[in-house]
Amino acid sequence: MDGILTVLGIESSCDDSAAAVVRQAPGGRGEILASSVVGQAALHADFGGVVPEIAARAHVEVLDHLVEAALAEAGLGLDEIDALAVTAGPGLIGGVLAGVMLAKGIAAARGLPLVGVNHLAGHALTPRLTDGLEFPYLMLLVSGGHCQFLRVEGADAFSRLGGTIDDAPGEAFDKVARLLGLPQPGGPAVEAEAARGDPARFALPRPLIDRQGCDLSFSGLKTAVLRARDAMVAEHGGITRADRADLCAGFQAAVGDVLAAKAARALAQSPGMSAFAVAGGVAANAALRARLKAVAQAAGVPFMAPPLALCTDNAAMIAWAGIERLRLGQCDDMTLAARPRWPLDTSAPALIGSGKRGAKG
Ligand code: KG4
Ligand code: ZN
């Protein structure tokens, strides 16, 4: 599609319902006219994780209101929207269906083009929305359900260099928080504790750090935190606030060491990158960002991290990824399917366990 594009984006693949309106003139930067997100943390708090059926129902209840609110914030009516972009996967299927059905309904009623977006492409293309980053660039996508190094060569061209073979880092942050009695989502809580702790007190493993390639693993690290906690409970009958802070600091330092080592390797394997960018909820962690920035600087490549609100799940990134697809002449129709699994790089071998665990898998 040519000319100025104004696209309504809808996101509902996990536990955030979101709607946004993004506009772009050909070749220009994206302008976020509206973006709102409603999280579901309170609904899932009693269950220790995201309950798919509860999530799907909550998306259904809130999404149409969010669309109305986004249009009102943008000061636009549906007749001023050029196309609808919706997350069509990967994610919890009930939630993805809720978004896809809403987008199809609006598109059919208004005769608007419909474009399905891969949620991971939404995260991976965010630095182009925020900073107009040129292809190709290296991306570390690091969230509650995903962890992979991608060379982003085009809006629909991604090469995966490696990824987690078990848990995603966000999932590990959430589990560590849970086993130390900290609130969910665990990332911000663990980061706050870590800031007061001694990262060197506990000798925690750095899984796969010496293994060739860019694959990662976080499950053993989480188990090591569990063992360290249990050893202290057995010896002292519990853990002190200082113990907890030290465990958080040790865990975060281990995650940082592993991510930094693998990022350095991914950059060494990827000459000619315009930047090293991070996205996903874990990229909100200031200490990890600092580690990754240092790696980029050492490799002589600019570092780029989107603003925090665009690191975590949102619909502006979906609207933007939709614009990128539309500019390539790509569009979907009423046969658009919701997909629980949808790898970005279909040529890369499947990773054992990756993306198949946890509520966000
Ligand atoms: O990208 P996101 O909003 O959702 C998906 O997984 O797609 O990421 C959420 C994850 C959660 O696991 C959360 O604990 C983690 O990102 N997270 C953090 C921080 N903020 C959020 N992890 C570490 N440090 C943080 N400051
Ligand atoms: Zn996400």
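Here the structure is a predicted model, which means the values were calculated and not measured.

**Q** Go over the site of ligand 1 with me, naming the residues and quoting the values.
**A** Close contacts around ligand 1 come from 21 residues, with Gly-144, Asp-174, Gly-187, Glu-191 and Gly-281 the closest. Separating an oxygen atom of ligand 1 from a side-chain N or O atom of Asp-174 is a distance of 2.6 Å. At a separation of 3.0 Å, an oxygen atom of ligand 1 approaches a polar backbone atom of Gly-187. Protein chains bury 93% of the 550 Å² of accessible surface belonging to ligand 1 in isolation. Those elements that provide at least two residues to the shell around ligand 1 are helix 4 (119-131), helix 5 (169-179) and helix 6 (186-194). For the shell around ligand 1, the leading source of residues is helix 6, giving four residues. Along the lines of polarity and charge, the residues of the shell around ligand 1 split into five nonpolar, 12 polar and four charged.

**Q** Now, about unusual backbone geometry: what can you tell me, with residues and values included?
**A** Residue Pro-90 is bonded to the preceding Gly-89 through a cis peptide linkage, with omega at -15°. Mapped onto the fold, Pro-90 is located in the loop between strand 4 (83-89) and helix 3 (93-110). Each neighbour pair has its own omega, and for Phe-135 with Pro-136 the value is -10°, a cis peptide bond. Here Leu-208, not a glycine, exhibits a phi torsion of approximately 60°, which is positive. Relative to the helices and strands, Leu-208 is located in the loop between helix 6 and helix 7 (219-236). Classification of Leu-208 by relative accessible area gives buried; the value is 19%.

**Q** How would you sum up the packing of aromatic side chains? Please name residues and give values.
**A** Scanning all chains against the criterion turns up three aromatic pairs. Ring centres of Phe-173 and Phe-251 lie 4.9 Å apart, and the angle between their planes is 80°; on these two criteria the pair is classed as edge-to-face. Of the two residues, Phe-173 is situated in helix 5 and Phe-251 in helix 8 (residues 241-268); the sequence distance between them amounts to 78 residues. Its relative accessible area of 2% is what places Phe-173 among the buried residues. Aromatic side chains Phe-276 and Phe-303 sit 6.0 Å apart centroid to centroid with 65° between the ring planes, which places their arrangement in the edge-to-face category. Remark: Phe-303 occurs in strand 10 (residues 303-304) and Phe-276 occurs in strand 9 (residues 276-279); sequence separation between them is 27 residues.

Conventions we followed
Residues numbered from 1 in each chain as written. Chains lettered and ligands numbered in written order. Predicted model: local features only at pLDDT ≥ 70, side-chain atom pairs only at ≥ 80, totals over all residues. Heavy atoms only, no water. Near = heavy atom within 4 Å. Polar contact = N/O pair within 3.5 Å; in protein donor to acceptor, adjacent residues only side chain to side chain. Areas by Shrake-Rupley, 256 points an atom, 1.4 Å probe, with all protein chains shown as cover. Helix = DSSP H or I, 4+ residues; strand = E, 2+ residues; numbered from the N terminus. Nonpolar A, V, L, I, M, F, W, Y, C, P; charged D, E, K, R; others polar. Buried < 20%, exposed > 50% of the residue type's maximum accessible area, 1.4 Å probe, protein only. Phe/Tyr/Trp six-rings, centres within 6.5 Å; stacked < 30°, edge-to-face > 60°.

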